[in-house]
Amino acid sequence: MKKILIGALALVAGMTGAGSLAHANAQAELFAGKAVVAPHLHVESAAQFLKWSGKPVSQDGYDPIVYKKTRLGTVAFSAELRVHVDLIRDLVHFPSYYELVDARSGALLGKYPVFDLDDGEWYFSGNGMAYLNQTHLELCGPRYTRKIAQKGKGLVEVVQPLLYLGAETDVESTTQLYESPSSKQVVATVVPGTKITVLGILPGVSESSDMAYLVKTPFGLTGWHLPKQDRGTISIYQCN
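None of the values given here were measured: they were computed from a predicted structure.

Criteria and cut-off values
Residues numbered from 1 in each chain as written. Predicted model: local features only at pLDDT ≥ 70, side-chain atom pairs only at ≥ 80, totals over all residues. Heavy atoms only, no water. Helix = DSSP H or I, 4+ residues; strand = E, 2+ residues; numbered from the N terminus. Buried < 20%, exposed > 50% of the residue type's maximum accessible area, 1.4 Å probe, protein only. Areas by Shrake-Rupley, 256 points an atom, 1.4 Å probe, with all protein chains shown as cover. Salt bridge = Lys/Arg side-chain N within 4 Å of Asp/Glu carboxyl O. Phe/Tyr/Trp six-rings, centres within 6.5 Å; stacked < 30°, edge-to-face > 60°. Pairing = 2+ DSSP bridges. Axes fitted to C-alpha atoms, helices over the stretch in contact; angles between N-to-C directions. 1 Å grid on protein atoms, 1.4 Å probe; cavity = no way out; pocket = protein on both sides within 12 Å on 5 of 7 lines; lining within 4 Å. Points joined across faces, edges and corners; volume = space filled by probe spheres on them.

A. Structural view of the overall build of the chain. Within the chain, the regular secondary structure consists of 2 helices and 18 strands. Looking at the 240 residues of the chain, the share that counts as buried comes to 48%. Split by element, the accessible area of the chain, about 12100 Å² in all, is 55% carbon and sulfur.

Structure follows, in structure tokens:
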């Protein structure tokens, strides 16, 4: 993961290609029309948020040499639930984390790794939903959005049928595209130097080499790139 995240940082800082840069900017500005109450924190109404003015929070077992934990403030997740937004900054490496903590009970409701704390963009709707847009930690630059929902007294991440990326990338070696993530039927072949668009990936897989990528060719054809099944490679996960 170290090599991938270093490459991702370089790509976010200076992507090559207008399409990739436009994609990154558009994704990062998804919540631009919402009220900003703290760095990278958007809400439907400014009244939802209260800046933290209490004592410094406990480090809760985080090594203070490596991590610094602070509390940004408290946000109304819904009419029934208020959560503290805690920042866990990695002072040495990556990733850093956001934590959502039940303001009443102190229970940890969710922990969300991000490349760094400036990478994540949050939007709290106030109706029991929150959205986190961030760089994908296993890929080289593209962003995606996670949806977190209240379920009873807890929070769950909503499983999406496809994690949308919409990112342009290059074919590095001859790559076959398949009919479905479970199919061996080839529907297209793309050659090195071809620019393709990765529409999205199937959720639930943590390693880039195990993911299934839905891609669109320059002719508008779609198919699945399956690194475990095909030796072809695309640059979206080659972060050298």
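Having seen the model, we can carry on.
B. Molecular detail of the pattern of salt bridges. A full pass over the atoms with the stated rule returns 9 salt bridges. Here K228 ties to D210 by a salt bridge, and the two come within 3.9 Å at their closest N and O atoms. Of this pair, K228 sits in the loop between β17 (222–225) and β18 (233–234) while D210 is found in the loop between β15 (195–201) and β16 (213–216), placing the two residues 18 residues apart along the sequence. According to the relative accessible area criterion, K228 is exposed, its value standing at 67%.

C. Spatial organisation of the environment of S53. Tracing the sequence through the fold places S53 in the loop between β3 (49–51) and β4 (67–76). Note: C-alpha distance between S53 and G73 (20 residues apart in sequence) is 8.0 Å.

D. Examining the environment of V159 more closely. Considering the arrangement of structural elements, one finds V159 in the loop between β11 (154–157) and β12 (163–173). Here V159 falls in the exposed class, since its relative accessible area comes to 71%.

E. How the structure looks around the packing of aromatic side chains. Following the criterion strictly, the structure yields 9 aromatic pairs and no others. Ring centres 5.6 Å apart and planes at 15° place the aromatic pair F94 and F115 in the stacked group. Remark: F115 occurs in the loop between β7 (108–114) and β8 (121–124) and F94 occurs in the loop between β5 (82–90) and β6 (96–102); sequence separation between them is 21 residues. Judged on exposure class, the residue F94 and its partner F115 are both buried. Measuring from ring centre to ring centre gives 5.3 Å for W122 and F124, while their planes differ by 10°; the resulting arrangement is stacked.

F. Structural context of the sheet that holds β7. Spatially, β3-β4-β5-β6-β7 is the arrangement adopted by the 5 strands of the open sheet, whose pairing is antiparallel. Each having just a single partner strand, β3 and β7 make up the two edges of the open sheet. Neighbouring strand axes in the sheet, compared pairwise and without regard to direction, differ in orientation by 25° on average. Two elements, β4 and β5, share 9 bridges in a ladder whose sense is antiparallel. In the sheet register, V75 faces β5, and the bridge partner there is V83.

G. Inspection of the layout of surface pockets at higher detail. Considering only enclosed or pocket space, the largest pocket measures out at about 400 Å³ in volume. Around the largest pocket, the lining comprises 21 residues; the ones closest to its centre are H136, Y144, R146, L163 and V205.

H. Region of interest: unusual backbone geometry. Put simply, F94 and P95 share a cis peptide bond, and its omega is 0°. With respect to the helices, strands and loops of the structure, P95 is situated in the loop between β5 and β6. Positive phi, close to 65°, is recorded for H40, a residue that is not glycine. With a phi close to 50°, D60 is a non-glycine residue in the positive phi region. Structurally, D60 is set in the loop between β3 and β4.

I. Expanded view of the sheet that holds strand β2 (residues 41–43). Taken together, 6 strands build an open sheet; the order of strands is β1-β2-β8-β9-β10-β11 and the sheet is mixed. Two strands close off the open sheet at either side, each with one partner strand: β1 (35–38) and β11. Strand-to-strand twist in this sheet, taken as the mean axis angle between neighbours without regard to direction, amounts to 25°. Pairing of β8 with strand β9 (residues 129–135) involves 4 bridges; the strand directions are antiparallel. Opposite Y123, over in β9, you have Y131 as the bridge partner.

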